[in-house]
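Spelled out, the chains give:
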Amino acid sequence: LSAKTKDGLITLANHLQHSVLIDLQEAYVALFDRNPLLSLHLFEHVHGDSKDRGQAMVDLKNLYNEKNLTMTARELPDYLPLFLEYLSLLPVAETKKLVAQPINIIGILGARLKAKDSLYSVIFLALEEISPIKPEHEEISKALAIKEKDTAIAIDDAWQEKPAFAANNVNCQTCQG
């Protein structure tokens, strides 16, 4: 890692070490869990809630199982901290190869965090530095053009129940009157 990135990681570690835990937890949840654009679930950025995301998670969990690792965390396999913990158990060459696969997502998240002046952005910079493939600047630019909605509204929109039938297709005689 570059000296600048190492210094940033030390700054982040010192901040985490010297802050009140409940304040750190509250800030973390507000940053990552309440903001869909900063979700740490990798496949959410690629597949959304489609069926493809489910299969991708099954494939990732099988990758963990191939190394005789059984998930004990109550988390989805595509949760970035879980994926990074998995990578930490692998030889360096394999880690570099696998961290390169979601590098555009990592780059986008890092750029969004940097725009928010978040100390966490340095983690994503470090991941970019160890990856043999670099994020595509065009992909990052397109992603940064997407503006955040109010997070509460965005979450409500994402979870709003869709009607089973289109209103103009309903033809129910008992419904009239």
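About the thresholds
- Residues numbered from 1 in each chain as written.
- Predicted model: local features only at pLDDT ≥ 70, side-chain atom pairs only at ≥ 80, totals over all residues.
- Heavy atoms only, no water.
- Helix = DSSP H or I, 4+ residues; strand = E, 2+ residues; numbered from the N terminus.
- Buried < 20%, exposed > 50% of the residue type's maximum accessible area, 1.4 Å probe, protein only.
- Contact = heavy atoms within 4.5 Å.
- Areas by Shrake-Rupley, 256 points an atom, 1.4 Å probe, with all protein chains shown as cover.
- Axes fitted to C-alpha atoms, helices over the stretch in contact; angles between N-to-C directions.
- Left-handed = near helix turned anticlockwise from the far one by under 90°.
- Nonpolar A, V, L, I, M, F, W, Y, C, P; charged D, E, K, R; others polar.
- pLDDT = per-residue confidence, 0-100.
- Expected span 1.5 Å × (residues − 1).
- Arc of directions from axis to C-beta.
- Core = buried A, V, L, I, M, F, W, Y, C linked by side-chain atoms within 4.5 Å.
- Parallel < 35°, antiparallel > 145°, perpendicular 65-115°, else oblique.

### Some thoughts on the overall build of the chain
And step 1. In terms of regular secondary structure, the chain is built from ten helices and zero strands.
And step 2. Listed N to C, the secondary structure of the chain is α-α-α-α-α-α-α-α-α-α in terms of helices and strands.
And step 3. Within the chain, the proportion of its 177 residues that are buried is 32%.
And step 4. A sequence separation of at least 24 residues applies to 60% of the contacts in the chain between residues at least 6 apart.
And step 5. Total accessible area on the chain stands at roughly 12,100 Å², and carbon and sulfur atoms take up 56% of it.

### What to know about the packing of helix α1 (residues 3-18) against helix α8 (residues 121-130)
And step 1. The geometry of α1 relative to α8 is characterised by a closest axis approach of 9 Å and an angle of 145° between their N-to-C directions. In this structure, α1 crosses over α8, and the sense of that crossing is left-handed. Counting all contacts with α1, which are made through Thr5, Gly8, Leu9 and Leu12, the residues of α8 involved are Val122, Ile123, Leu125, Ala126 and Glu129.
And step 2. Across the contact of α1 with α8, the residue classes tally to six nonpolar, two polar and one charged.

### Some words on the confidence of the model for the chain
And step 1. Residues with a pLDDT of 70 or more make up 84% of the chain, whose mean pLDDT is 86.
And step 2. Ranking the elements of the chain by mean pLDDT puts helix α10 (residues 151-159) last with 60 and α1 first with 97.

### Some words on helix α2 (residues 21-33)
And step 1. In this model α2 runs 17 Å from its N-terminal to its C-terminal C-alpha over 13 residues, within 8% of the 18 Å that 1.5 Å per residue would give.
And step 2. Where α2 is concerned, the buried positions are Leu24, Leu31 and Phe32. Axial view of α2: buried residues confined to an arc of 75°, hence all on one face. Seen from the buried face of α2, the exposed residues on the opposite side, beyond 90 degrees, are Ile22 and Glu26.
And step 3. Lining the buried residues of α2 we find α1 and α7 (103-115).

### As for the nonpolar core
And step 1. Counting 29 residues, the largest nonpolar core has Phe32, Leu40, Phe83, Tyr86, Leu87, Leu113 and Phe124 as its most contacted members.
And step 2. Every element with two or more residues in this core is listed here: α2, α3 (42-47), α4 (51-66), α5 (80-88), α6 (92-99), α7 and α8.
And step 3. Among all residues touching Leu40, those that are not within four sequence positions of it are Tyr28, Phe32, Asp78, Tyr79, Leu80, Pro81, Leu109 and Phe124.

### A short note on unusual backbone geometry
And step 1. Its identity is not glycine, yet Asn68 carries a phi of approximately 60°, on the positive side.
And step 2. Inspection of the secondary structure assignment puts Asn68 in the loop between α4 and α5.
And step 3. Take Asn68: its relative accessible area is 71%, and that puts it in the exposed class.
And step 4. Notably, Asp117 is not glycine yet its phi reads approximately 55°, a positive angle.
And step 5. Looking at the element boundaries, Asp117 is found in the loop between α7 and α8.

### A word on the packing of α7 against helix α9 (residues 137-145)
And step 1. At a closest axis distance of 9 Å, the pairing of α7 and α9 adopts a crossing angle of 50°. In terms of their interaxial angle, α7 and α9 are classed as oblique. Viewed along their axes, α7 and α9 form a crossing whose handedness is right-handed. Seen from α7, the contacting residues are Asn104, Gly107, Ile108, Ala111 and Arg112; seen from α9, they are Glu139, Ile140, Ala143 and Leu144.
And step 2. Among the residues making up the contact of α7 with α9, the classes are represented as five nonpolar, two polar and two charged.

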